[in-house]
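# Structure assessment
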Number of protein chains: 2
Amino acid sequence: MNRLLHDLRIVEISAFVAAPLGGMTMAQMGADVIRIDPIAGGIDFARWPVTKDGASLYWAGLNKAKRSLALALDKPEGREIARALITAPGPGAGILLSNLPPLRGLDFASLKAGRADVIALRLTGNRDGSAAVDYTVNAASGFPLVTGAGGGLPVNHVLPAWDIAAGLYLATGLLAAERHRARTGEGQEVVAALADVMLATVGNLGYIADVQVNAHARPAIGNDLYGSFGRDFPTADGRRVMIIALTPRQWRALGQATGLTERLATVGTVMEVDLDTEAGRYEARDMIAALLGRWCAGHSLDEIRQAFAGTGVLWGQFQDFQQLVRDDPRCSAANPLFAEVNQPGIGPYLMPGLPLDFAAAPRLPPRPAPRLGEHTDMVLAEVLGLSAGEIGRLHDDRIVAGPDGR
Amino acid sequence: MNRLLHDLRIVEISAFVAAPLGGMTMAQMGADVIRIDPIAGGIDFARWPVTKDGASLYWAGLNKAKRSLALALDKPEGREIARALITAPGPGAGILLSNLPPLRGLDFASLKAGRADVIALRLTGNRDGSAAVDYTVNAASGFPLVTGAGGGLPVNHVLPAWDIAAGLYLATGLLAAERHRARTGEGQEVVAALADVMLATVGNLGYIADVQVNAHARPAIGNDLYGSFGRDFPTADGRRVMIIALTPRQWRALGQATGLTERLATVGTVMEVDLDTEAGRYEARDMIAALLGRWCAGHSLDEIRQAFAGTGVLWGQFQDFQQLVRDDPRCSAANPLFAEVNQPGIGPYLMPGLPLDFAAAPRLPPRPAPRLGEHTDMVLAEVLGLSAGEIGRLHDDRIVAGPDGR
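For clarity, every value in this text was computed on a predicted model and none was experimentally measured. (Residues numbered from 1 in each chain as written. Chains lettered and ligands numbered in written order. Predicted model: local features only at pLDDT ≥ 70, side-chain atom pairs only at ≥ 80, totals over all residues. Heavy atoms only, no water.)

Right, let's get into empty space enclosed by the protein. Regions of empty space are outlined by a rolling probe, equal in size to a water molecule, passed over the atoms. All names here are of chain A. Inspection of the entire model under this criterion finds 8 cavities of 30 Å³ or more. Here the largest cavity is characterised by a volume of approximately 140 Å³. If you trace the largest cavity, you find 15 residues lining it, with Leu96, Ser98, Pro102, Leu106 and Arg122 closest to the centre. Of all elements in the fold, only β4 (95-98), α4 (108-114) and β5 (119-124) reach the threshold of two or more residues within the lining of the largest cavity. Sorting elements by how many residues they give to the lining of the largest cavity places β5 first, with 3 residues. Considered class by class, the residues forming the lining of the largest cavity number 11 nonpolar, 1 polar and 3 charged. (1 Å grid on protein atoms, 1.4 Å probe; cavity = no way out; pocket = protein on both sides within 12 Å on 5 of 7 lines; lining within 4 Å. Points joined across faces, edges and corners; volume = space filled by probe spheres on them. Helix = DSSP H or I, 4+ residues; strand = E, 2+ residues; numbered from the N terminus. Nonpolar A, V, L, I, M, F, W, Y, C, P; charged D, E, K, R; others polar.)

In structure tokens:
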């Protein structure tokens, strides 16, 4: 958390990862992000992982630092409240972030009728509006068929990488559009398609050109690093490490730290490649790996850590989620990224803030996610100026609900 | 490309994916992004994929729409030119984006001495400044050990997802810092660590809380969708499809489109779960998959496409990079994201623009990456006001170089 964007107000109508992450990124820089959900919660309200009581740790993780308004979006009066919140006056207000199809009365034209300089960001699945999610976009990307050992069986990523990229593109687009509005007074609709995020990325990494220019596609090569040297190795004590040599300096450090410099040089001679180049190391990778693999198998993880400490070798250990959380000092309150925070309805745990340190905006402790409907009354009073009587009537009519579901 | 940020100038000293992607994102919104590289090219200048002549399709992909300046960063006079470019006057200038350790004279304090309101964004590996790259950060994340079928062997992602997220966080942070400067006159240093990007994401998705609150960690479940229904299936003609049911509507559509509604309902009875809930479908996933798998095995990809068309079933086909580029209409110039552009030194191919459509800033064709040093003279003249004679002297002294390497 910091206060860098304290003068912005963003209304978010969203679900799952992408738009919630985009909105949370703004909230963690101090923007007032009001997430609107149906009274019983959105379609992501119970997403796994959950606690034994069914509270979603996923929802809590992706909605930190926001305010929550529970609203009957299936009723015209509910949608009219949403429209009023999105189009309310104020130089930093008038911004909608959404990854759901626009509801009646909440399309861009309707919003613009309420506020001429409104900014609306919308993530779709495909550009034509048809559905696509991280799983389907990923299947089409080409990556699952080159993940793992190959053999024609796709391996999906577990990290929802396309959603995360899309959410951060939305955050970037939001700030760019708000910058334009601050300079020109002009609002606009900004649309991104999740499939286009994937397509642009495949192109940015050179894989479209590889097919078109080279008539070639990157093969599946397990955990090897394409075009350079990198591979995973088992250690003497049953752990695994990833060892990499991207640069000549890293390559030399690896030879020195393992005592294998001369034998590795022989590999270059035998394979007739220049091991000071990435392409040379890639060509000779199996022979390099044979030497490094024997060395790793003869050393425990601790011995490897000691051998590599301070040498410039680029390496890392594999760890599972439990090992990450329990053993890695980077994943603890010793890292300023984190603080132990009490999440209402769940309890205290280690919560990350934004992975950006702004010198001019000191880091504040992470703020938990709201309870569903926690800020309903506060937002209606503050933003729309509704009286207690009017708010009470909306509760009675089931147009809004508070944290008790009423 | 668009012209939304046409009044910004950003100097980029970078390599590999993260900072180049962040800078390219700005360039694709019209910012003047000047990438400075050593005269022979940076450490990523030959990264794979490459053409048969060794031109890097990867470098071309991540540096589109930028200007390139080749500079002897190993010499004090070269670094002084870099410093002058970064700290040159102008309201939209004075911004550095880097993921390399700061060179002498280019640290934040030195830059600030040259321009009080300078903004410098820096990506490090770990927060303590030690090296970390996507491969090592990923090994530590926990994800490789739950990717694929499990059994304790890690499976690395191929998409450099942490780098991509970090690059987009940098883009967001740059716009937030520039917004702050426009309002207050205050510059600042903004620092992100790649490891923190990973740690924040693991936390945002609920996996840290899962360990701390539930003493549980998500297992490896192949291509299944955790906590809901999703799995890949072979088709009658040797293709593979991903079929998903996140919402009750998608679940009902799947039963109807396959004609399996009644048999799937029996699965719910037999397994004693409510298949209208995600948790129920996850619990019963193997039995659901047995029915769906037999159905898919009896249908070709085309038959499946026809059966699912217009039904609301959420599904996608797996395809490799070649199939994506050659067969998927989304990956063609029919998609406004793309245009066929000539990349100097490589030739024409399908180039993506930014996956964001700004209504107020019309999409322009993608601009290719520069040749290394292509804009050296232009930038020195335009930004620093150097004369032709001074620029000639810098070439003679090997302080700068043009596209011919001199």
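Take the pattern of salt bridges next. Taken as a whole, this structure holds 52 salt bridges over all chains when the rule is applied. Salt-bridge contacts for Arg363(B) lead to Asp357(B); the nearest nitrogen and oxygen are separated by 2.8 Å. Salt bridges linked by common partners bring Asp7(A), Glu178(A), Arg179(B) and Arg183(B) together as one network. (Salt bridge = Lys/Arg side-chain N within 4 Å of Asp/Glu carboxyl O.)

With that settled, consider the sheet that holds strand β8 (residues 240-245) of chain B. All names here are of chain B. One open sheet holds the 3 strands; their spatial order is β7-β8-β9, and the pairing between them is antiparallel. Strand pairing shows two members of the sheet lacking a second neighbour, β7 (229-234) and β9 (314-317), which therefore form its edges. Each strand of the sheet is rotated relative to its neighbour by a mean of 15°, with strand direction disregarded. Note: β7 against β8, 6 bridges, orientation antiparallel. In the strand pairing of β8, phenylalanine 233 is matched with valine 241. Most of the contacts of helix α12 (residues 285-297) go to β7, to which it runs at about 35°, and overall it touches β7 and β8. (Pairing = 2+ DSSP bridges. Axes fitted to C-alpha atoms, helices over the stretch in contact; angles between N-to-C directions. Contact = heavy atoms within 4.5 Å.)

Our focus in this paragraph is helix α1 (residues 18-27) of chain B. Burial within α1(B) is extensive, with 10 of its 10 residues counted as buried. Buried within α1(B) we find Ala18(B), Ala19(B), Pro20(B), Leu21(B), Gly22(B), Gly23(B), Met24(B), Thr25(B), Met26(B) and Ala27(B). (Buried < 20%, exposed > 50% of the residue type's maximum accessible area, 1.4 Å probe, protein only.)

So, on to the interface of chain A and chain B. Each side of the interface is counted separately: chain A has 142 residues, and chain B has 143 residues. For the pairing of chain A and chain B, the buried interface totals around 12,000 Å² over both sides, and the portion due to carbon and sulfur atoms is 69%. Sorting the residues of chain A by area buried against chain B places Trp48(A), Arg179(A) and Phe321(A) first, and these three jointly supply 7% of that buried surface. Between chain A and chain B we count 12 salt bridges in total. The interface formed by chain A and chain B includes 43 residue pairs in polar contact (both at pLDDT 80 or more). If one sorts the elements of the side of chain A that touches chain B by residue count, helix α6 (residues 161-184) of chain A sits on top with 17 residues. Residues of the side of chain A that touches chain B, tallied by class, amount to 88 nonpolar, 32 polar and 22 charged. (Buried area = accessible area lost by both parts, 1.4 Å probe. Polar contact = N/O pair within 3.5 Å; in protein donor to acceptor, adjacent residues only side chain to side chain.)

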